[in-house]
Structure formats: C-alpha cells, structure tokens
Amino acid sequence: MGRLMWLPEVLRDAGLVVHEFDGWRERGRESYEPIGLIIHETQGSAHSQDRDEIRVLAITGSDSAPAPIAQLYLSRTGEWTVVGSGRCNHALTGFGGALLGKGNSSLLGIEAAHAQGETWQGSNLVQYRSYVRGVAAILRHTGWPVEHVVGHKEHQPGDKSDPGFDMAQFRRDVAAAIAEEGDFMEEIIPGIPNEQVFRDLWHWMSGLVQGKDGADTGDRFKFPNAIKAGFATHTTANEALRTEVAALRNAVDELRAMLTPPAAPVSPALPDTPVAPEG
Ligand SMILES: [Zn+2]
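Residues numbered from 1 in each chain as written. Predicted model: local features only at pLDDT ≥ 70, side-chain atom pairs only at ≥ 80, totals over all residues.

Trainee: Even after reading the chapter, I still don't get the overall build of the chain, so can you show me in this structure?
Mentor: What the chain contains, in helices and strands, is seven helices and six strands. Listed N to C, the secondary structure of the chain is α-β-β-α-β-β-β-α-β-α-α-α-α in terms of helices and strands. Burial statistics for the chain: of 279 residues in total, 30% are counted as buried. (Helix = DSSP H or I, 4+ residues; strand = E, 2+ residues; numbered from the N terminus. Buried ≥ 20, exposed ≤ 12 C-beta atoms within 10 Å, placed from the backbone.)

Trainee: Would you mind showing me how to read helix H3 (residues 125–142) here?
Mentor: Count 3.6 residues to each turn of an α-helix, and residues three or four apart come out pointing the same way. Compared with the 26 Å implied by 1.5 Å per residue over 18 residues, the 26 Å span of H3 between its first and last C-alpha is a close match. The set of residues buried in H3 consists of Gln127, Tyr128, Ser130, Tyr131, Val132, Arg133, Gly134, Val135, Ala136, Ala137, Ile138 and Leu139. Within two residues after H3, Gly143 carries a phi angle of roughly 80 degrees, on the positive side. (Expected span 1.5 Å × (residues − 1).)

Trainee: Explanation requested: the pairing of strand S2 (residues 36–41) in the structure shown.
Mentor: Where a strand is regular, its side chains alternate between the two sheet faces. Within S2, six of the six residues are buried, leaving the element largely enclosed by the surrounding structure. In S2, alternate side chains face the same way, and those of Gly36, Ile38 and His40 on one face and Leu37, Ile39 and Glu41 on the other are all buried. Strand direction decides the pairing type here: S2 and strand S5 (residues 107–112), joined by six bridges, are parallel. Bridged to Glu41 within S5 is Ala112. As paired strands, S2 and strand S6 (residues 149–151) are joined by three bridges and run parallel to one another. Within S6, the position partnered with Ile39 by the bridge is Gly151. (Pairing = 2+ DSSP bridges.)

Trainee: I keep staring at the sheet that holds S6 and nothing clicks. Help me out?
Mentor: Within a sheet, each strand pairs with its neighbour through backbone hydrogen bonds, oriented either parallel or antiparallel. Judged by pairing direction, the sheet is mixed, and its six strands sit side by side in the order S1-S4-S3-S5-S2-S6 without closing on themselves. Two strands in the sheet have a free side with no partner beyond their single neighbour: strand S1 (18–20) and S6. Each strand of the sheet is rotated relative to its neighbour by a mean of 25 degrees, with strand direction disregarded. Against the sheet, H3 makes contact with S2, strand S3 (72–74), strand S4 (80–82), S5 and S6, and its axis sits at roughly 150 degrees relative to S3, the strand it touches most. (Axes fitted to C-alpha atoms, helices over the stretch in contact; angles between N-to-C directions. Contact = placed C-beta atoms within 7 Å.)

Trainee: Please clarify how the nonpolar core should be interpreted in this entry.
Mentor: In globular proteins that are soluble, nonpolar side chains generally tend to be buried together. Ranked by internal contacts, the top residues of the largest apolar core, which has 42 residues, are Leu37, Leu72, Val83, Val135 and Val174. Once residues within four sequence positions are removed from consideration, Leu37 is found in contact with Leu107, Leu108, Ile110, Val135, Ile138, His148, Val149 and Val150. (Core = buried A, V, L, I, M, F, W, Y, C linked by C-beta atoms within 7 Å.)

Trainee: Just to check I follow, could you spell out the pairing of S5 for this structure?
Mentor: Buried residues dominate S5, accounting for six of its six residues. Both faces of S5 are covered, namely the face carrying Leu107, Gly109 and Glu111 and the face carrying Leu108, Ile110 and Ala112.

Trainee: In this structure, what is going on with unusual backbone geometry? I would like to understand it.
Mentor: In most cases, non-glycine residues show a negative phi, while peptide bonds are predominantly trans. A cis amide bond links Ala67 with the next residue in sequence, Pro68, at an omega value of -5 degrees. Mapped onto the elements, Pro68 comes out in the loop between helix H2 (50–60) and S3. Each neighbour pair has its own omega, and for Asp162 with Pro163 the value is 0 degrees, a cis peptide bond. With respect to the helices and strands, Pro163 occurs in the loop between helix H4 (152–155) and helix H5 (167–188). You will see that Gln43, though not glycine, has its phi angle at about 55 degrees, which is positive. Along the polypeptide, Gln43 turns up in the loop between S2 and H2. Residue classification places Gln43 among the buried positions, given that 21 C-beta atoms sit within 10 Å.

Trainee: What exactly am I supposed to notice about H2 here?
Mentor: Along H2, the residues that are buried comprise Glu53, Ile54, Leu57 and Ala58. The arc that holds the buried residues of H2, viewed along the axis, is 115 degrees, so those residues lie on one side. Facing away from the buried side of H2 by over 90 degrees, the exposed positions are Arg51 and Thr60. On its buried face, H2 is in contact with S3, S4 and S5. (Arc of directions from axis to C-beta.)

Trainee: When you look at the environment of Ala179 in this model, what are you seeing that I'm missing?
Mentor: Here Ala179 lies in helix H5. Along the primary structure Ala179 and Arg140 are separated by 39 residues, whereas in three dimensions their C-alpha atoms are 9.9 Å apart.

Okay, here's the thing in structure tokens:
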C-alpha cells in the first residue's frame, strides 16, 4: 500500500473537516503496509491545545514514542488533521486483540485529543461521532473489516488504557455508519455504481460552501441533509402518483366494461355425426 496519500480526500468525502499539517506527505517511513487501525487517545491535559498536541505527534515525540507518532489527529471539536502518510510509532507489536502480532508497519494510528478518564458523552459526542465517521470512511476506502478496528487497550492489554470508550460499541457504530452510507447512495441512483457520482457531487457542494480560500463556513452538513430530505419528498410524491395512476386504471377498466355490449351468445358446437359401425 505504501504512503496513504488518499487520507485527506477520503475523510473530506465523508463530510469531515480536514487539515493538512505541513510535511505530512513525506512524514513517516516508506516501508508501510497497513491492514488495520489502532484507536488512541492522547491522554494529555483536559485543556490541551490542538497545535501543541499535533506538535508532539509530528515533531517532538513523547516520553514513550519518537515522532512521528500517528498518521491522524482528531480534535475535541471533531476536526481531523493529517500528520503523516507513512509508518509512524503509535503502538507496540500487539499481544492482544484482532491485530495480535501486528506492529506499526501494519497499522494506521489515530490519536484523539482526550485526557485520561475524560468523558466521551455530552459536548464530547461531537468528537465521538466524528471518530466513527472518519473510521467508517477509511474502511470503505480500504476494504478493511470492522474487526480490524482495534483499541490500543485491546492491542496492549494491561499496558494501555486508551481509548476510554467501549470498543465493541465503537465497532458497531462504525459498521452502522458504513451500512447507512451504502443504503443512502444505493437509493439515490439505483442500479449504477453511484459512489463516484456522490463523491463528485459532494466535491462540488463542498467547493461552493468552502469558497476559494478554503475557509469552512460550517454549513457543509446542510447540503447532504437537504439532498436526503429532497429525496424523501421525491419518493413520497412518486408513490402517491403511482397509487393515483393505479386507481385511474381501475376506473377506466370499469367504465369500459359498462360500455362494451354483451357478447353474442356462442352457439353450442354440433355434436359429431355418429358413425354407424361397419358390420
Ligand atoms: Zn494509545
């Protein structure tokens, strides 16, 4: 697989806000064949600033890991930053979980800004939902199974405690997000491979909202919601029309039956002339 140059586009296609940290294209080692994801929390301060967290991940490293630490960073506001494209240093070779025996050369790491024990409920639900959505987008792109989404605490049991949320629930939420997206796109234009159509449309709409300077107005989600609402209205109207046409057809059939004169009685066929047996 090599470098993950598709990260920003795939996350943006999912409707997420994505920043690209300087040098991400070259950051991390080339020898990289990821087959799954490790879910992390930074376990920094509850009031950490994004720029400080990203600096640790990309430039300075931490007490336990040299930089670059992870490919992706997720802020408390749910915004993503692409930090690196190659192999990073976020995990040891796993001694638990579904990616047992796998190390950094096989793993994509996501670090979410979060203090140890900090809740994922309340105002932090925005961050959780973005986590689910981003991971779902990555799986849709790579085809990795949802079982290959593993918490750091599952990968290194007894050694690590991140993330704070329940990983089984997280995987169910990711699977649901993937299924929902698939159904929605299948409904819009059934029967043709419409993912690309949806992506093109999404790019076009994002461009309209973001403007030339790339500044995000926060209105991105209004567009897909408007499409969904419009599609629902269209479907309802279409069904009403079909019902009406069927009722009209029945009425026309009944009128025809009333206007058509009864058919002339058919004379019974004459019996065959009996043939006298020769004798
Ligand atoms: Zn971790």
